[in-house]
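Examination of the molecular architecture
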Amino acid sequence: MTDNSQVLTSMTADRQSESEARAARDQRHDLWFRRTVCGAAMLVLFLLACIAGSTLWGGSEAFRTFGLDFLTTTDWDAVAGKFGAVVPVYGTLVTSFLALLIAVPVSFGIAIFLTEVAPPWLRMPIASAIELLAGIPSIIYGMWGLFVFAPFMAEHLSPWINDNLGAIPGIGVLFQGPPLGIGTLTAGIVLAIMIIPFITSVMNEVFRTVPVALKESAYALGGTTWEVVWDIVLPYTRTAVVGGVFLGLGRALGETMAVTFVLGNAHQLSASLLMPSSSIASVIANEFSEAYTDLHRSSLIGLGFLLFVVTFIVLACARLMLMRLSRKEGL
Amino acid sequence: MSSANENLYRMRSFKNKLAMVLSCSATLFGLGWLVWILATTLINGFSALGTALFTQMTPSPGSPGGLANAFYGSALMSLIALAIGTPIGLMAGVWLAEFARHTKLGTVVRFINDILLSAPSIVLGLFVYTAFILPVSAMTNHQVGFSALAGALTLALLVIPVVVRTTDEMLQLQPSTMREAALALGVPQWKLTLQIVLRAARAGVVTGVLLALARITGETAPLLFTAFGNQYWSSDILKPMASVPVVIFQFAMSPFDDWHALAWAGALVLTMFVLTLSLLSRLILLRDRSN
């Protein structure tokens, strides 16, 4: 009897200690699991800091040598060792601005078509087709731009622009120049084609979040489709739409290959949109592997740092604006 | 009075019609570019397609050749990039979805990851150049400079944010009742995550990896000064290596017609591969949803 109970207690004690050991083991494993995945997530934060830090460090020689002149001079002369960022920065801003000027209205139109106009069976295929456009690698856009679109520009569009817009006093100077085909305007158009899918898909998505009851009330009051879009849908989604536009801008600013092919890599400041120019990304792509002096390389990395800071600010604004809409939805 | 109303009505109706016409033409305009670009790539690419493309090395101007070494380089670097980037992205995504769903730190990481997702890839190349190539070159007495490994690391930096984002989203979609059921049975958290939640979200996670692959196969800019390029076959990951996009860039920018033809052929293969991947990932998601 006593033997039996002793065996029994020892068995339960065994089992208890076994399950306790197991619980402790599970807890230990969980702790390590948690630490590992947390470490991976922290790596993402660390990476961003490293990217900013390393490009700042890499560009420090240029920043030290030229000081503020780096941002205010137009010289870019590898032989004389003089580097100023004005031309590439100007080129980046102008091409991106042109791209937005074209892409925003077009994307808005496509988004209206997809949410209000098209019959339901047509929405899916067209949305997918537009997204296919986003999937095409940027180098294909660049090649197409160089071999197909630039000759087209040189033969048809540039002469027309030169004749008709170049004569307007005031803004005419923007549109004068030889019909080279490559240049700021061509780069802006190719960039616009590239960012249309990004802006469209954001607009399409946020337009869908507008409560149906809201739209139907407007229709019931006799509003036309256009009035519903302009007075109901757009005000409701305004910040997110601007966020989508900024997302497109972020893409356009940092886009390299498409621009490098059609911009012409010329280091001169020109008022005309038909003249070749250069952007930050295209200068880096064209010159980095051939930069033989440390100062040249450092100037290029410094340009990269500027690009990173600008796109970071633009993309951060975009995300904050997009987040505001999802908060409104209560998601 | 009634004529004023009539006028107002006409005006509104006209405005609406104009807007609808513009909206339709915007769609046609957008699709027009797609058709134009795809058609050009198909026509120019097919005329240069042949078995030599996949069996011969990149030629010097004037002699026949293919892109075999570039295809090999691209495949190898993409594989290494996926091997490095996928586990890190998966783990970070798991942390975001399972441990930090509504925390401040989680929001910050998600925010930063979204920015990395659309950060200019050329800057990532500069980062790898200053943080990897320069130190390694200094350590090995300039024996190792531009290398395939550096290229793969750059591509891995592009893989991580894509995988983090999709993993996070797909895990958040999984019902919490499933997690609770497992926890009630006494399953430890790591087992719950790896063997139950991740398994349920498998299709979504695979989609993320495919999308990441689609993104890096077309990536050119950061490879220009990390993997550089190589005219010959090389399987040494510490040496410069050719990749399809970089070869396309060099060949397209050259003045030689036979190089242009090869560049178009490469562009065609690249485009088809990327489009197939994105279609495939869509199909996987669709099939998963219908189940």
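First things first, this report covers the structure right here in the doc. Quick caveat, the model's predicted, so the values are computed rather than measured.

With that out of the way, let us pick up the nonpolar core. Considering soluble globular proteins, one finds that nonpolar side chains tend to be buried as a cluster. Tyr-141, Ile-284 and Leu-303 of chain A together with Ile-122 of chain B are the most contacted members of the largest nonpolar core, which totals 185 residues. With 15 residues, helix H7 (residues 184–208) of chain A is the single largest residue contributor to this core. Excluding its chain neighbours within four sequence positions, the residues that come into contact with Ile-122 of chain B are Thr-256, Ala-281, Ile-284, Ala-285 and Leu-307 of chain A together with Ala-221 and Phe-225 of chain B.

Moving on, we get to a nonpolar patch on the surface. All names here are of chain B. Judged by side-chain polarity, Leu-42, Ile-43, Phe-46, Leu-49 and Met-272 come together as a nonpolar surface patch covering roughly 450 Å² of accessible area. In terms of residue count, the dominant contributor to the nonpolar patch is helix H1 (residues 2–46) (three residues). Topologically, Ile-43 is positioned in helix H1. Taking relative accessible area as the criterion, Ile-43 reaches 61% and is therefore assigned exposed.

Looking at the secondary structure, you find Ile-193 of chain A in helix H7. Distance in space between the C-alpha atoms of Ile-193 of chain A and Arg-15 of chain A is 69 Å, their sequence separation being 178 residues. Ignoring anything within four residues of it in the chain, the contact list for Ile-193 of chain A reads Leu-133, Tyr-141 and Trp-144 of chain A together with Trp-33 and Ile-37 of chain B.

A few words now on the packing of aromatic side chains. Residue and element names in this part refer to chain A. This structure, assessed with the given rule, holds 29 aromatic pairs over all chains. Relative to Phe-83, the ring of Trp-76 has its centre 4.9 Å away and its plane inclined at 70°; by these criteria the two rings are edge-to-face. Among the aromatic side chains, those forming a connected cluster through ring pairs are Phe-63, Phe-66, Phe-70, Trp-76, Phe-83 and Phe-305. Between the NZ or CZ atom of Arg-35 and the centre of the ring of Trp-32, over which it lies, the distance is 5.0 Å.

Residue and element names in this part refer to chain B. The interhelical angle for the contact between helix H6 (residues 148–173) and helix H9 (residues 202–217), taken along N-to-C directions, is 155°, at an axis separation of 8 Å. As judged from the angle between their axes, H6 and H9 are roughly antiparallel. As H6 runs across H9, the sense of the crossing is right-handed. Only Gly-204, Val-205, Gly-208, Leu-211, Ala-212, Arg-215 and Ile-216 of H9 make contact with H6, whose side of the interface consists of Leu-155, Leu-158, Val-159, Val-162, Val-163, Thr-166, Thr-167 and Met-170. When its residues are assigned to classes, the contact of H6 with H9 shows 10 nonpolar, four polar and one charged.

Listed per partner, the contact involves 76 residues of chain B and 82 residues of chain A. Contact between chain B and chain A buries roughly 7,200 Å² in total, counting both sides, with carbon and sulfur atoms accounting for 82%. Counting the contacts that link chain B with chain A gives three salt bridges. Asp-114 of chain B is the salt-bridge partner of Arg-319 of chain A, the closest N and O atoms lying 3.9 Å from each other. On inspection of chain B and its partner chain A, the count reaches 11 residue pairs in polar contact (both at pLDDT 80 or more). Only H1, helix H3 (68–99), helix H4 (104–117), helix H5 (121–139), H6, helix H8 (189–200), helix H10 (244–253) and helix H11 (257–290) of chain B provide two or more residues apiece to the side of chain B that touches chain A. Counting residues per element, the side of chain B that touches chain A draws most heavily on H1 of chain B, which supplies 19 residues. Along the lines of polarity and charge, the residues of the side of chain B that touches chain A split into 54 nonpolar, 17 polar and five charged.

Scoring rules and cut-offs
- Residues numbered from 1 in each chain as written.
- Chains lettered and ligands numbered in written order.
- Predicted model: local features only at pLDDT ≥ 70, side-chain atom pairs only at ≥ 80, totals over all residues.
- Heavy atoms only, no water.
- Core = buried A, V, L, I, M, F, W, Y, C linked by side-chain atoms within 4.5 Å.
- Buried < 20%, exposed > 50% of the residue type's maximum accessible area, 1.4 Å probe, protein only.
- Helix = DSSP H or I, 4+ residues; strand = E, 2+ residues; numbered from the N terminus.
- Contact = heavy atoms within 4.5 Å.
- Patch = residues over 30% accessible without salt bridge, like charges linked within 9 Å, V, L, I, M, F, W, Y side chains within 5 Å.
- Areas by Shrake-Rupley, 256 points an atom, 1.4 Å probe, with all protein chains shown as cover.
- Salt bridge = Lys/Arg side-chain N within 4 Å of Asp/Glu carboxyl O.
- Phe/Tyr/Trp six-rings, centres within 6.5 Å; stacked < 30°, edge-to-face > 60°.
- Lys NZ or Arg CZ within 6 Å of the ring centre and 35° of its normal.
- Axes fitted to C-alpha atoms, helices over the stretch in contact; angles between N-to-C directions.
- Parallel < 35°, antiparallel > 145°, perpendicular 65-115°, else oblique.
- Left-handed = near helix turned anticlockwise from the far one by under 90°.
- Nonpolar A, V, L, I, M, F, W, Y, C, P; charged D, E, K, R; others polar.
- Buried area = accessible area lost by both parts, 1.4 Å probe.
- Polar contact = N/O pair within 3.5 Å; in protein donor to acceptor, adjacent residues only side chain to side chain.

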